[in-house]
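Understanding the architecture of this molecule
What follows is each chain in one-letter form.
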Amino acid sequence: MAKSKPTRLTNSIRALRFARGEMTQAQLAERIGVTRQTVIAIEQGRYSPSLEMAFQIAHVFKVPLDEVFQYPDGEGDT
Amino acid sequence: MSYEEKGTWVYLVTSAVAYAVYVAIVLGQALRMPVAHVSYVPVLLWTAGASIVASTVLRTLVETAAPSDSRRGDVRDKEISRFGEHASRWFVVAGAAAGLAMAMARWDYFWIANVIYLGFVLWAVAGSAVKLAAYRRGM
């Protein structure tokens, strides 16, 4: 049985990195001031970044936030 | 593996080993004499001190063998640390409450000290285990 991830948040960081001249995880980590392991955890959906960090990542790729992070429709609606 | 995660592994191992050594020595004495006569204080202090020294040495050795990209923690390390401390705090509370109850019931110092010490060890071990699970699986 597949192990459920701790967050429903998905992201396109890996694709964006490759679209930006194959930026490495270490380079992205340095740009946003975290460790490479944190970038790996975000990419793999094991860690939800703060809103501020999410914006920092979006700024690095020069795209809107929702091009980097996605949340499934209908989840969390009240 | 990040610098902080390696440090958590080292802390888990040294805490568990130090307590195992302490229990083995004290239990060896307790089998030969009444617990009121067991000289547990120097053993406790020495094993606790040795675990601090071993932790420092082991962390240096681990970093020498497998250097980390950076020795600075980040926001995720801090969140995981807080999560682990929060999740395991009940062991300290339980140890202190048990120690208080035992003191009021006039138990021997040996048992009071050891139940409090056990609370600290469980807090360290459980906290480290929770942190490592958070590093591997997420929070």
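All values reported here derive from a predicted model rather than from experimental measurement.

A word on the overall build of chain B
A count of helical and extended segments in chain B gives four helices and zero strands. Each helix (α) and strand (β) of chain B, taken in turn from the N terminus, gives the series α-α-α-α. Dimensions of chain B along its principal axes, counting C-alpha atoms only, are 50 × 30 × 20 Å. The contacts of chain B with a sequence gap of at least 6 include a subset with a gap of at least 24, amounting to 80%.

Some words on helix α4 (residues 109-137) of chain B
Here α4(B) contains 29 residues, and its C-alpha end-to-end distance of 41 Å stays within 8% of the 42 Å for a straight helix at 1.5 Å per residue. Two or three places before F110(B), at the opening of α4(B), D108(B) has a side-chain oxygen 2.8 Å from that residue's backbone nitrogen.

Some details on the confidence of the model for chain A
Fine structural detail should not be taken from predicted coordinates in areas where pLDDT scores are low. Per-residue confidence for chain A gives a mean pLDDT of 87; residues scoring 70 or more make up 87%. For chain A, per-element mean pLDDT is lowest for strand β1 (residues 10-11) of chain A, which scores 92, and highest for helix α4 (residues 51-61) of chain A, which scores 95.

Concerning the confidence of the model for chain B
All names here are of chain B. Model confidence for chain B is summarised by a mean pLDDT of 94, while 100% of its residues fall at 70 or above. Helix α2 (residues 40-65) is the least confidently modelled element of chain B, averaging 94 in pLDDT, while helix α3 (residues 75-104) averages 96, the highest of any element. Confidence metrics for the complex model read pTM 0.84 and ipTM 0.79.

Things to note about the interface of chain B and chain A
Taken together, the contact between chain B and chain A spans 14 residues of the former and twelve residues of the latter. For the pair chain B and chain A, the summed buried area comes to about 1100 Å², and 48% of that belongs to carbon and sulfur atoms. Its salt-bridge partner being R36(A), residue D69(B) comes within 2.8 Å of it at the nearest N-O pair. At the boundary of chain B with chain A, the tally comes to five residue pairs in polar contact (both at pLDDT 80 or more). For the side of chain B that touches chain A, the element with the highest residue contribution is α3(B), accounting for four residues. For the side of chain B that touches chain A, the residue count by class is four nonpolar, two polar and eight charged.

Regarding the pattern of salt bridges
Residue and element names in this part refer to chain B. Per the counting criterion, the structure on display carries six salt bridges over all chains. R71 is the salt-bridge partner of E63, the closest N and O atoms lying 3.9 Å from each other. For E85, the salt bridge is made with K131, and the minimal N-O distance between the two is 2.7 Å. Taken as a pair, E85 in helix α3 and K131 in helix α4 lie far apart in primary sequence, 46 residues in all. Among the residues examined, K131 registers a relative accessible area of 11% and is labelled buried.

With respect to the packing of α3(B) against α4(B)
All names here are of chain B. Two numbers describe how α3 lies on α4: the axes approach to 8 Å, and their chain directions differ by 160°. The angle between the axes of α3 and α4 places the two elements in the roughly antiparallel class. The element α3 and its partner α4 pack so that their crossing is right-handed.

Structural notes on a nonpolar patch on the surface
A cluster of nonpolar side chains, namely M1(B), W9(B), V13(B), V17(B), V21(B), I25(B), V53(B), V57(B), L58(B) and L61(B), defines an oily patch on the protein surface of about 850 Å² accessible area. It is helix α1 (residues 3-30) of chain B that provides the largest number of residues to the nonpolar patch, a total of five residues.

Observations regarding the side chain of E43(A)
All names here are of chain A. When you line up the elements, E43 lands in helix α3 (residues 36-43). Look at E43 and you get buried, because its relative accessible area is 17%. For E43, the contacting residues outside a window of four places in its chain are N11, I13, R14, R17 and Q25.

Considerations on α3(B)
With 30 residues, α3(B) should reach 44 Å at 1.5 Å per residue; the first-to-last C-alpha distance of 43 Å fits that figure. Within α3(B), the axis deviates most sharply at S88(B), by approximately 40°. For α3(B), the set of buried residues is R76(B), D77(B), I80(B), G84(B), S88(B), G95(B), G99(B) and M102(B). On its buried face, α3(B) sits against α3 of chain A together with α1 and α4 of chain B. Measuring from the backbone nitrogen of R76(B) back to the side-chain oxygen at the start of α3(B) gives 3.0 Å, which picks out D74(B) as the cap. Two residues or fewer past α3(B), R106(B) is found with a positive phi of approximately 60°.

Here is what the cut-offs are and how they apply
- In this convention, every chain numbers its residues from 1, walking through the sequence in written order.
- The order in which chains are written sets their letters, starting at A; the order in which ligands are written sets their numbers, starting at 1.
- Local features in this predicted model are restricted to residues of pLDDT 70 or higher, and side-chain atom pairs are both shown and tallied only at a pLDDT of 80 or more, whereas totals for entire chains, interfaces and linings draw on every residue.
- Just so you know, side-chain values use all the structure's heavy atoms and leave hydrogens and water out.
- The helix count covers DSSP runs of H or I at least four residues long, the strand count covers runs of E at least two residues long, and both are numbered beginning at the N terminus.
- Residues count as neighbours in contact if any of their non-hydrogen atoms are within 4.5 Å of one another.
- Each residue after the first adds 1.5 Å to the expected span of a helix.
- Polar contacts here mean pairs of N or O atoms no more than 3.5 Å apart (in protein, one a potential hydrogen donor and the other a potential acceptor; neighbouring residues in sequence count only if both atoms are side-chain atoms).
- Per residue, pLDDT measures the predictor's confidence, with a range of 0 to 100.
- Here the quantity called buried area is the total loss of accessible area, with a 1.4 Å probe, experienced by two parts when brought into contact, counted for both.
- By definition here, a salt bridge exists when the distance from a side-chain nitrogen of Lys or Arg to a carboxyl oxygen of Asp or Glu is within 4 Å.
- Each residue is assigned to one class: nonpolar for Ala, Val, Leu, Ile, Met, Phe, Trp, Tyr, Cys and Pro, charged for Asp, Glu, Lys and Arg, and polar for all the others, Gly among them.
- Residue exposure (1.4 Å probe, protein chains only): buried if accessible area is under 20% of the type maximum, exposed if over 50%, otherwise partly exposed.
- Every axis in this analysis is a line fitted to C-alpha atoms, fitted for helices over the stretch in contact. Angles between the N-to-C directions lie between 0 and 180 degrees.
- Each angle is binned into one of four classes, with values under 35 degrees roughly parallel, values over 145 roughly antiparallel, values of 65 to 115 roughly perpendicular, and all other values oblique.
- Crossing handedness is read from the near helix: turned anticlockwise from the far helix by less than a right angle, it gives a left-handed crossing, and turned clockwise, a right-handed one.
- Every patch collects residues that have over 30% relative accessible area and no salt bridge, joining them within 9 Å if they carry like charges and within 5 Å if they are nonpolar side chains (Val, Leu, Ile, Met, Phe, Trp, Tyr).
- With residues, only the protein chains shown are counted as cover, and all accessible areas are computed by Shrake-Rupley using a 1.4 Å probe.
- Here the bend at a residue means the angle between the axes of two seven-residue stretches, the one that ends at it and the one that starts at it.

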